[in-house]
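Report on the structure
Here is what each chain is made of, one letter per residue.
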Amino acid sequence: MTPAFALEDKQAHLHRRALEALRRAGNPFRNYFARHPDDEVCARYHVPDLYAREREILLAVVDLYRFDPTMHSEVIPILGAKGAGKTHLLYSIKHGPSKGHQLLVTPGTFQKDVDFLEYLLFQVIDTLLAGSKQQGERPLVYISEEWTRQLLLQALQTTATVGDTRRQGRARRTWSLWKSLWGSGSDGDNLRWLAQVLSRPKRHPLPLLCREAGLDEQSIVVWLQEHLDRTEVRNTSGRLRRHLSDGLVRACLLQDEKVLADFLTNGFAELEYHVRPSRQELVLALFKTLMEALARLHVPVVIAFDQLEDLLLVRRTDDARKVSESFFAGLVQAMHQLDGLLFLIFAERGLWNRFIPSLDGYIQDRLLNPLHVPGLGTVKTVRLEPPGEELVRQVVAARLRPTLEELPDFTSLSPLFPFQDEQVSRIAHTEPTLRDMLQQFRKLFDHLVYGEASQEPYVIEERLRPAGAVRATTHEPSAGSAPESAPMAHQEAQTGEAPAVVIESVTLVHAPQPPSGIADLWAQEIHQARERLSPEGAITGATRELQAGLGTLLQTFMDHGVKANAWRLHHVVPEFTFGDHPTYGVISLAHWVCKDSPPWRLALGLFLGRGPGKLKDLQTKLTVFGLSPAVTDALVLLRPADDLNLSGKTRSLWDEAAQRGWPLRLEPLDLNELAILYAFPRWLAAVQESLPTGEALPNLAEFLQDRCDTLLHKISMPAVT
């Protein structure tokens, strides 16, 4: 039998090794909150049982729209204190398992001076074309794949009938096209076989299936275009659907997303209309076409507003009441104009209770309309309460597990090591939110693992001490201290004199410095933005979101005193809309002043149109010089660095504007600079969300000056070439 002291020695050795491993790995509680719905921290530390009931309810509501896409648009508020875990819950809905795909839109900005439906439309377009994934796949990939499969199946079934009956006229042309595609030996059996393959559950990507069948993707595209020309109705909806189908087919079969991106940002506004629709009518027509297409695929459209307080009140000087009224009024108007939209609003309970009672009665009725979910009852509001003790244990264990499992005999350790059960229990019962709990575990981890006095060990000890306990000494022993310190304290209490202290040895423990939170957040958001903007059509599709980011960046430059040499911002209009074009008719206005020079009013616009859209984009932006009264002294257009050359009609238009004396400048933006514009509002919201309650945003001038120096000069210098 192994002696008890040997077992104790073995356990102590295991504890020492575990502490060494934890020191090397760093504090797993430092990243104690989810910064946005795509934060990888959520996946790393996800606990399925946390808010499982609330997740089940929300996914069940999403399924209502999956099975009945024509349902009236509704709102579900998800309310909880700051740090309750709202963003993590949204992450699990966006990326976790469900009964099928959904297009989940998580806006990173609120453009309060833009028509709300227009704002929503471009959020949907940005999500559709972006490079980021949902449930492991880009939305455009699975939407274009499923749409093309259904369209090809429909065309095959029609053509099979043509092949059997050999009808005359246009049908004969369809059959001839198919014969040239498949080969002269084709008959109805070939068509029926392929139709059967497509009608079964998806097993292989459609391009692979076509190649295995010996079919040429480009020929299939031409064939499907002819099928659409023959079958689509000739009204406005049919024409919009025809162009949308063409873009989705090309994206699926040819991996060409430019056509779809151009249609969704420019082509829909350039169709020939008997009566030219207004800007709002164009937006509504395209939005309805998109919604009908997604409904046909049974893909619900969920628009989730996370961290509502930061989304609406990016500037703490904004009139909160006015901004919230604008947001909720626009939301209700969109619900009346479109069916099939599900809005999830993640907000602090106090903010919600402060805003809602002040709204008009009809807005309150729509926002608080109950929704019946079969098997789960009636849902009006989802409330997030602090997790119980057992769930807190699971959360703590999930954070510690990756490091502890590296030890060969980790099963002999408590899954909560280095914490004691009573410490976890007391934190679970005394802290108000999950974030507060994680903050305390972060401090306690530093104290136990690194012995850091800088991490407020006294505060932690007082929090964890049982009621009535008294601290015997002001000296905080380290984990390896001997108990002789108690007699020393007794001697001081008896004589009134501090005993002599002899330092016999010193052990230096290297603890990693806490990361620079602002810099880490910046790197993460820029990385996410680069990923979103990498696909071919993503930058074009993000035109409005990039413009919104530019406006927010300029506003922050002004608020924090960022300068470009001797120039500083005196006034900013983040987004100024004009004209009839929904995509291109928006700029930011920046008034720059300098002590020894007259002020300059710069109009700054994202010039991102490609192909036919390039000319229209420039035409629209130049109309800013015709506004009365004048709003700008010069126009600076920001264009991707890989497409700076102007040619043909676009070059002629530019030269003509220069000859008129209009001050113009074209500035190149590389992918990193575009990522800064896209990521900036999300980064700013994440910084604000990470601050302790009531703490003001630090001055960011030096940080932004360093990170945005090149971009700053491109959008500020008043000299015009």
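Throughout what follows, the structure given in this document is the object of discussion.

Conventions used here
Residues numbered from 1 in each chain as written. Predicted model: local features only at pLDDT ≥ 70, side-chain atom pairs only at ≥ 80, totals over all residues. Heavy atoms only, no water. Helix = DSSP H or I, 4+ residues; strand = E, 2+ residues; numbered from the N terminus. Buried < 20%, exposed > 50% of the residue type's maximum accessible area, 1.4 Å probe, protein only. Contact = heavy atoms within 4.5 Å. Areas by Shrake-Rupley, 256 points an atom, 1.4 Å probe, with all protein chains shown as cover. Pairing = 2+ DSSP bridges. Axes fitted to C-alpha atoms, helices over the stretch in contact; angles between N-to-C directions. Phe/Tyr/Trp six-rings, centres within 6.5 Å; stacked < 30°, edge-to-face > 60°. Expected span 1.5 Å × (residues − 1). Polar contact = N/O pair within 3.5 Å; in protein donor to acceptor, adjacent residues only side chain to side chain. Salt bridge = Lys/Arg side-chain N within 4 Å of Asp/Glu carboxyl O. Core = buried A, V, L, I, M, F, W, Y, C linked by side-chain atoms within 4.5 Å. Right-handed = clockwise from strand over helix to strand, strands pointing away.

Counting its regular elements, the protein contains 30 helices and 13 strands. For the protein, with 721 residues in total, the buried portion stands at 54%. Across the protein, the fraction of contacts at a sequence separation of at least 24, relative to all contacts at a separation of at least 6, is 75%. Summing over all exposed atoms, the protein offers an accessible surface of approximately 32500 Å²; the carbon and sulfur share of this is 51%.

Within the open sheet, the 6 strands sit side by side as β8-β9-β10-β11-β12-β13. Their pairing is mixed. Looking along the sheet, the strands with just one partner apiece sit at the ends: β8 (563-564) and β13 (664-669). Here 6 bridges tie strand β10 (residues 586-594) to strand β11 (residues 597-606), and the two strands are oriented antiparallel to one another. The partner of Cys 594 across the bridge, within β11, is Ser 597. The strands touched by helix α27 (residues 648-659) are β12 (634-640) and β13; relative to β13, the strand with the most contacts, the crossing angle is about 135 degrees.

Most of helix α4 (residues 86-95) sits out of view: 9 of its 10 residues are buried. Of the residues making up α4, those classed as buried are Lys 86, Thr 87, His 88, Leu 89, Leu 90, Tyr 91, Ser 92, Ile 93 and Lys 94. In this fold, the buried residues of α4 make contact with α2 (40-44), α3 (52-67), β1 (74-80), β2 (103-105), β3 (301-305) and β4 (341-348).

Below, the discussion takes up the packing of aromatic side chains. Going through the model one piece at a time under the given rule, you end up with 20 aromatic pairs. Arranged with centres 5.8 Å apart and planes meeting at 55 degrees, the rings of Phe 29 and Phe 419 form a pair that is tilted. Taken together, the residues span a long stretch of sequence, with Phe 29 in the loop between α1 (4-25) and α2 and Phe 419 in the loop between α18 (389-404) and α19 (421-430) at a distance of 390 residues. For Phe 29, a relative accessible area of 0% puts it in the buried group. Taken together, a centroid distance of 5.3 Å and an interplanar angle of 85 degrees make the contact between Phe 110 and Phe 327 edge-to-face.

Once that is clear, we can look at unusual backbone geometry. Each neighbour pair has its own omega, and for Phe 417 with Pro 418 the value is 15 degrees, a cis peptide bond. Turning to its location among the elements, Pro 418 is positioned in the loop between α18 and α19. Unusually for a residue other than glycine, Gln 135 sits at a positive phi of about 55 degrees. Structurally, Gln 135 is set in the loop between α5 (116-129) and α6 (139-165). On the basis of relative accessibility, which here comes to 22%, the residue Gln 135 falls in the partly exposed class. The phi angle at His 298 is positive, at roughly 60 degrees, despite the residue not being glycine. Looking at where His 298 falls in the secondary structure, it is placed in the loop between α13 (279-296) and β3.

What follows concerns the sheet that holds β1. One open sheet accounts for 5 strands, arranged β2-β3-β4-β1-β7; its pairing is parallel. Only two strands of the sheet have a single neighbouring strand rather than two, namely β2 and β7 (382-383). In this sheet, β4 lies alongside β1 in parallel orientation, the contact comprising 7 bridges. Residue Pro 77 lies in a different strand from β4, and its bridge partner there is Ile 345. Against the sheet, α4 makes contact with β1, β2, β3 and β4, and its axis sits at roughly 155 degrees relative to β4, the strand it touches most. Helix α15 (residues 320-337) rests against β1, β3 and β4 of the sheet, and its axis sits at about 160 degrees to β4.

Its 18 residues place the ends of helix α11 (residues 236-253) 26 Å apart at the C-alpha level, agreeing with the 26 Å of an ideal helix rising 1.5 Å per residue. Along α11, 14 of the 18 residues are buried, which leaves the element largely enclosed by surrounding structure. For α11, the N-terminal cap is Asn 235; the gap from its side-chain oxygen to the backbone nitrogen of Ser 237 is 3.4 Å. A positive phi of about 50 degrees marks Gln 255, the residue just after α11.

To continue, consider the environment of Glu 309. Examined against the element boundaries, Glu 309 turns out to sit in helix α14 (residues 308-312). Spatially, the C-alpha atom of Glu 309 lies 6.7 Å from that of Ala 347, the residues being 38 residues apart in sequence.

It is possible for side chains bearing opposite charge to pair when their charged atoms get close. Scanning the entire structure with this criterion turns up 35 salt bridges. One salt bridge in this structure joins Arg 651 and Asp 655, with 3.1 Å as the shortest N-O distance. Remark: Asp 655 and Arg 651 occur in helix α27; sequence separation between them is 4 residues, near one turn of the helix. The class for Arg 651 is partly exposed, based on a relative accessible area of 32%. A salt bridge links Glu 667 to Arg 665; the nearest nitrogen and oxygen atoms lie 2.6 Å apart. Arg 665 matches Glu 667 in its accessibility class, with the two residues each being buried. Salt bridges linked by common partners bring Arg 610, Lys 614, Arg 639, Asp 642 and Asp 643 together as one network.

The next thing to look at is the nonpolar core. Counting residues in each nonpolar core, the largest one holds 89 residues, and the members touching the most others are Leu 264, Phe 305, Phe 327, Phe 328, Leu 331 and Ile 345. No other element matches α5, which puts 10 residues into this core. The contact partners of Leu 264, leaving out residues within four places of it in the chain, are Phe 122, Ile 125, Leu 128, Leu 129, Leu 244, Leu 286 and Leu 290. By size, the runner-up hydrophobic cluster in this structure holds 59 residues, among which are Leu 50, Val 373, Val 395 and Leu 400.

Another point: the side chain of Gln 307. Examined against the element boundaries, Gln 307 turns out to sit in the loop between β3 and α14. Among the residues examined, Gln 307 registers a relative accessible area of 7% and is labelled buried. For Gln 307, the residues in contact, after removing those within four places along its chain, are Ala 34, Arg 35, Thr 87, Phe 346, Ala 685 and Glu 689.

As a further point, take the environment of Pro 107. Along the chain, the position of Pro 107 falls in the loop between β2 and α5. Look at Pro 107 and you get buried, because its relative accessible area is 7%. Measuring from C-alpha to C-alpha, the distance between Pro 107 and Ala 304 comes to 7.3 Å, with 197 residues separating the pair along the chain. Filtering out sequence-adjacent residues up to four positions away, Pro 107 remains in contact with Tyr 119, Gln 123, Ile 303, Ala 304, Phe 305 and Leu 311.

As a further point, take the pairing of β12. Counted residue by residue, β12 has 7 buried out of 7 residues, so it is predominantly covered. One ladder, built from 6 bridges, connects β12 with β13; its direction is parallel. Bridge assignment links Pro 640 to a residue of β13, and that residue is Leu 669. After leaving β12, the chain enters α27 and then returns to the sheet as β13, a path that is right-handed.

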